[in-house]
Amino acid sequence: MTVRHYCQGIGDCHLLSFPRADGSPFRMLIDCGIHVSIKGGPALIADIVADLKAETGGKIDVLVVTHEHWDHVSGFLTSDDLIKDFSVGEVWMAWTENPGDPEALDLDKFKAQALTALQGASRRLDAEHGLSTYMSGIRDGLQSVLGFHFGAKGERVRAARDAAARLSAKQPPAYFEPGGPPLSIPTLPNLRIYVLGPPRDKAALRLEEKVSEMYPLAAGGPFARALSAGLAVNETGNGTYVDELSPFECSVGTELSSVLNSGAASDAQGGIGAFVRTHYSGPVSAAGANEDPDQSWRRIDADWLGIAADLALQLDRGVNNTSLVLAFEFIDTGRVFLFPGDAQIGNWLSWKDLRWPVGEATVTATDLMARTVYLKVAHHGSQNATPQKQGLELMTSSDLSAFIPTNQLDAKNVHWGEMPYDAILTALAARTKGRVIRADDEWIGNKNGKPAFAPPTGSILAVRNAPRDAARGKGGLWVELDLA
């Protein structure tokens, strides 16, 4: 098959082309989006969609939407005028997107509560002055997480996902989960497609970096409720709202805002205002020799919003674990091509017990990974999206190659830390013998650029690339590989 990976970095868009018996291409598009933080993102997505149309004639046989994050689906909304004329045979999604599934509806309820609370916390932190380094980090982290759920104009990711669903000529979209027989496409008799995730098991959906570190989705309700209640108390300001989660009666204590706004000459709070100004709100004119005249660093009145960090982790990683994971197997050779979306640890670990009867044999997920010769690396190469023992170490084929949809500079600009994660890059380089391509590789933006390896090698027969139009931006538009 041929895979054209688009190079928006923090975002996914992959065009898979399989030859039919009559020589015509069968087109499968997996996702189309870019993170809201990427400068010039809408223009880049417009270029991608225009290229897709030129390459396919606007005909897509199957559109796969892996999960409900902006960097995977934004193109279906922001480029609606460009993509609305596409002919899409059918749309595939995970069971977690099915509006008729009770468990999916429960997950939707959690996401709605969490997003509302996180939006409120983000607005409150934006309005605060003199935040500590820790709270400033939480503010920046919230903005990044919310960027996976909202566009620059505030559009909800649900609208983009639904826009993708409406493209399908076959309604409703097809919803998949592990456990069914391998999928087959009549015009591609040499291909089987296995659904590995997302799991039904709630424990797997909430599993994070280690077995001992779980951020349960079930806890999101209380976290969201506590945040929402605290925000409501601060926003009403009329004393009528009763916060049932507060440890104090509303009549106890003095409102911080009135203390901070009280003047020294008209202090009606029995000395409380002067005390707070001297020791907490600063600046202090009569500071001692060893005392900082600005005492505002002592204040913790915004620190209760730190609970938003835990809720944001639950939401972000929980949604990533709902990724639709597909393994493409060529029947004649047994070779496998793995596309895990943004699946994180819980999703990956849920595969170990999967089995499919195929003829007289039984295929397991471990077997599929051992025969994997091509990997689309999950979640931009982040630390908690590719497990070691239950992931890369099971991929033992000497022909393994990989692509990472990532941009290290963009990740640093939004304070994501180490993405892609160096240990994963090192392990990938060793297992693939250097056959790793990144969306931010400089050579992709060069018309005559070449990868560090020389094809044919491993599962890669040939490599082609296309830089962006210089007037539209720098870097590569796409890199295309012939795989076997």
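Right above here is the structure, for reference.
Residues numbered from 1 in each chain as written. Predicted model: local features only at pLDDT ≥ 70, side-chain atom pairs only at ≥ 80, totals over all residues. Heavy atoms only, no water.

A description of unusual backbone geometry should follow, citing residues and the corresponding values.
Looking along the chain, the bond that leaves glycine 197 and enters proline 198 is cis, with omega of 10°. In this model, proline 455 is joined to proline 456 through a cis peptide bond whose omega is 0°. When you line up the elements, proline 456 lands in the loop between strand S15 (436-438) and strand S16 (460-467). Even without a glycine there, the phi angle at aspartate 31 is positive, about 65°. By the element assignment, aspartate 31 lies in the loop between strand S3 (25-30) and helix H1 (41-56). Residue aspartate 31 is classed as buried on the basis of its relative accessible area of 0%. (Helix = DSSP H or I, 4+ residues; strand = E, 2+ residues; numbered from the N terminus. Buried < 20%, exposed > 50% of the residue type's maximum accessible area, 1.4 Å probe, protein only.)

Describe in detail the sheet that holds strand S6 (residues 174-176), supporting the description with residues and values.
Taken together, 8 strands build an open sheet; the order of strands is S6-S5-S4-S3-S2-S1-S17-S16 and the sheet is mixed. Strands with a single pairing partner mark the edges of an open sheet, and in this sheet they are S6 and S16. Within this sheet the neighbouring strands show an average axis-to-axis angle of 20°, counted without direction. This element, H1, spans strand S1 (2-6), strand S2 (14-19), S3, strand S4 (59-64) and strand S17 (476-483) of the sheet and lies at about 40° to S17. (Pairing = 2+ DSSP bridges. Axes fitted to C-alpha atoms, helices over the stretch in contact; angles between N-to-C directions. Contact = heavy atoms within 4.5 Å.)

How would you summarise the environment of arginine 438 if you had to cite specific residues and measurements?
When you line up the elements, arginine 438 lands in strand S15. Sequence spacing of arginine 438 and proline 405 is 33 residues, and the spatial spacing of their C-alpha atoms is 6.1 Å. Look past the residues within four positions of arginine 438 in its chain and what remains in contact with it is Phe403, Ile404, Thr406, Gln408, Pro420, Leu425 and Ile444. Separated by 2.8 Å, the side chains of arginine 438 and aspartate 440 make a polar contact. (Polar contact = N/O pair within 3.5 Å; in protein donor to acceptor, adjacent residues only side chain to side chain.)

Please give an account of the side chain of serine 17 that cites residues and values.
Relative to the helices and strands, serine 17 resides in strand S2. Look at serine 17 and you get buried, because its relative accessible area is 11%. A distance of 2.6 Å separates a polar atom in the side chain of serine 17 from a polar atom in the side chain of arginine 27.

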